[in-house]
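Residues per chain are reported as follows:
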Amino acid sequence: MTPKRTYRIASIPGDGIGREVVPEGLRVLDAAASKFGFKLQVDGFEFACADYYEQHGRMMPADWNQTIQPYDAIFFGAVGWPAKVPDHVSLWGSLVQFRRQFDQYVSLRPVRLMPGVTSPLADPGEIDFVIVRENTEGEYSEVGGRLFENTPREIVCQETVMTRIGVDRIQRFAFELALKRKKHLTSATKSNGIAISMPYWDERFHEMAKSYPEVKIDQFHMDALTAQFVLNPSRFDVVVGSNLFGDILSDLGPACTGTIGIAPSGNINPEKHFPSLFEPVHGSAPDIAGQGIANPVGAIWAAQMMLEHLGEQEAANAVMKAIEHGLSHAKSRTRDLGGKASTEEAGKIIAGAVG
């Protein structure tokens, strides 16, 4: 398909270091647009953050959906400031709303050992795989509640909800992605202990596999899979998991590559009926916010994923090369990677490598 060439981007920096890394991602996007001949219309929004909650008693305005839906993509920073807003309130009032109302049912998390970054593993080999996480149902449901609160009879219940539509479409996406890569797909399960929902996940996985005979499949129980991430991460190509399992693996994977600070994430509606959201995996990091030392690579890599999603593959490839260039040189590494560069300095070097 021919790219549209003009794109509307909703920029939402959110909380903490999100406000510092998003401008660097936009800087790199501007450099890519200038070099490769497409246009970006970027509009900033000051909601989905603790300051907005303090003023309005909610994370986003009532009409946020109608406001953001016309955009081609959302570029997000981070959410969370526990001193002002409880974490479950900030998350469920912002990111979870985007994921569910915009049907961003794929959480795509690349895991790669990058140049200039040292893995904590003794012998990691080549680490380059992708985690595909179901993003709208599963363990993170709103089905449940409390009874007899604050009494000895107190009961707390939260249900896992899996639908055939939800399970099939995330597994199909993972199989299709595996076809484009090394044709190897691993499923995360725990059907030996979670005896209803996880056997169903396994059944649908093996049924789906019949339509993809070219793809080699395997599955691991979640506890064994986490061990394999540490012991033998180079064996993986595409890993698919439920909402909870994918969430856990999405932090463990980047940790095995040396830092979660450079990891990106895409919350994707593959059919493009709604805008997809791209963000760094790292949180708002209140402990370093405002110091100008946050690593911008996670946001820049998320911007690179956004370019791929928009169809600007040549620009996305150039941004990836620029990220690799930046990480390969000590002068452009931030403190978390043993360098001295500020957030802005690192961003400018990577943007310069694009142009």
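Note that the coordinates shown come from a computational prediction; the quantities given were computed from them, not determined experimentally.

Asker: Can you tell me about the packing of helix α8 (residues 222-231) against helix α9 (residues 243-256), naming the residues and giving the values?
Answerer: The geometry of α8 relative to α9 is characterised by a closest axis approach of 10 Å and an angle of 15 degrees between their N-to-C directions. Classified by the angle their axes make, α8 and α9 are roughly parallel. Crossing hand, α8 versus α9: right-handed. Residue-level inspection shows Met222, Leu225, Thr226, Phe229 and Val230 of α8 in contact with α9, the latter providing Phe245, Ile248, Leu249, Leu252, Gly253 and Cys256.

Asker: Break down helix α11 (residues 313-328) for me, with residues and values.
Answerer: For α11, with 16 residues, the first-to-last C-alpha span of 23 Å sits near the 22 Å given by 1.5 Å per residue. Looking only at α11, the buried set comprises Ala315, Ala316, Ala318, Val319, Met320, Ala322, Ile323, Gly326 and Leu327. Next to the buried residues of α11 lie α1 (18-36), β4 (106-112), α10 (297-310) and α12 (343-354).

Asker: Help me get a handle on the environment of Ile288, residues and values and all.
Answerer: Residue position: Ile288 is located in the loop between β12 (276-280) and α10. Expressed as a C-alpha distance, the spacing of Ile288 and Gly253, which sit 35 residues apart in the sequence, is 23 Å. Dropping the residues within four chain positions of it, Ile288 is found in contact with Ile17, Glu20, Ile293 and Ala294.

Asker: Before we move on, can you summarise the packing of aromatic side chains with the specific residues and values?
Answerer: This structure, assessed with the given rule, holds 15 aromatic pairs. Seen from their ring centres, Phe129 and Phe229 are 5.1 Å apart, and the 65 degrees between their planes marks the pair as edge-to-face. Linking Phe129 in strand β5 (residues 128-134) with Phe229 in helix α8, this pair joins segments that are 100 residues apart in sequence. Take Phe129: its relative accessible area is 1%, and that puts it in the buried class. Take Phe229: its relative accessible area is 1%, and that puts it in the buried class. Connected via pairs of aromatic rings, a cluster forms that spans Trp64, Phe76, Phe98, Phe102 and Phe274.

Asker: Would you mind going over the side chain of Glu139 in detail, with residue names and values included?
Answerer: Looking at the element boundaries, Glu139 is found in the loop between β5 and β6 (144-147). Here Glu139 sits buried without a salt bridge, and the closest side chain of opposite charge, Arg133, lies 7.6 Å off (N-O distance). There is a polar contact of 2.7 Å between the side chain of Glu139 and the side chain of Ser242. When near neighbours in sequence (up to four residues on either side) are disregarded, Glu139 contacts Gln158, Glu159, Thr160, Ser242, Asn243 and Leu244.

Asker: Residues and numbers for the sheet that holds β4, please.
Answerer: Spatially, ten strands are ordered β2-β1-β3-β12-β11-β4-β5-β10-β8-β9 in an open sheet, and the strand pairing comes out mixed. Looking at which strands have only one partner, the edges of the open sheet turn out to be β2 (39-44) and β9 (216-221). Taken pair by pair, the neighbouring strands of this sheet meet at an average axis angle of 25 degrees, ignoring direction. Pairing between strand β1 (residues 6-14) and β2: six bridges, direction parallel. Within β2, the residue paired with Ala10 across the bridge is Asp43.

Asker: Which residues make up the pairing of strand β10 (residues 238-241), and what values go with them?
Answerer: Burial along β10 is two-sided: Val238 and Val240 facing one way and Val239 and Gly241 facing the other are all buried. Taken together, the four bridges between β5 and β10 define a ladder with parallel strand orientation. Each residue of the ladder has a partner; that of Val132, found in β10, is Val240. Here three bridges tie strand β8 (residues 184-189) to β10, and the two strands are oriented parallel to one another. Along β10, the bridge assignment pairs Thr186 with Val239.

Rules used in this analysis
- Residues numbered from 1 in each chain as written.
- Predicted model: local features only at pLDDT ≥ 70, side-chain atom pairs only at ≥ 80, totals over all residues.
- Heavy atoms only, no water.
- Axes fitted to C-alpha atoms, helices over the stretch in contact; angles between N-to-C directions.
- Helix = DSSP H or I, 4+ residues; strand = E, 2+ residues; numbered from the N terminus.
- Parallel < 35°, antiparallel > 145°, perpendicular 65-115°, else oblique.
- Left-handed = near helix turned anticlockwise from the far one by under 90°.
- Contact = heavy atoms within 4.5 Å.
- Expected span 1.5 Å × (residues − 1).
- Buried < 20%, exposed > 50% of the residue type's maximum accessible area, 1.4 Å probe, protein only.
- Phe/Tyr/Trp six-rings, centres within 6.5 Å; stacked < 30°, edge-to-face > 60°.
- Lys, Arg positive; Asp, Glu negative; His and termini not counted.
- Salt bridge = Lys/Arg side-chain N within 4 Å of Asp/Glu carboxyl O.
- Polar contact = N/O pair within 3.5 Å; in protein donor to acceptor, adjacent residues only side chain to side chain.
- Pairing = 2+ DSSP bridges.

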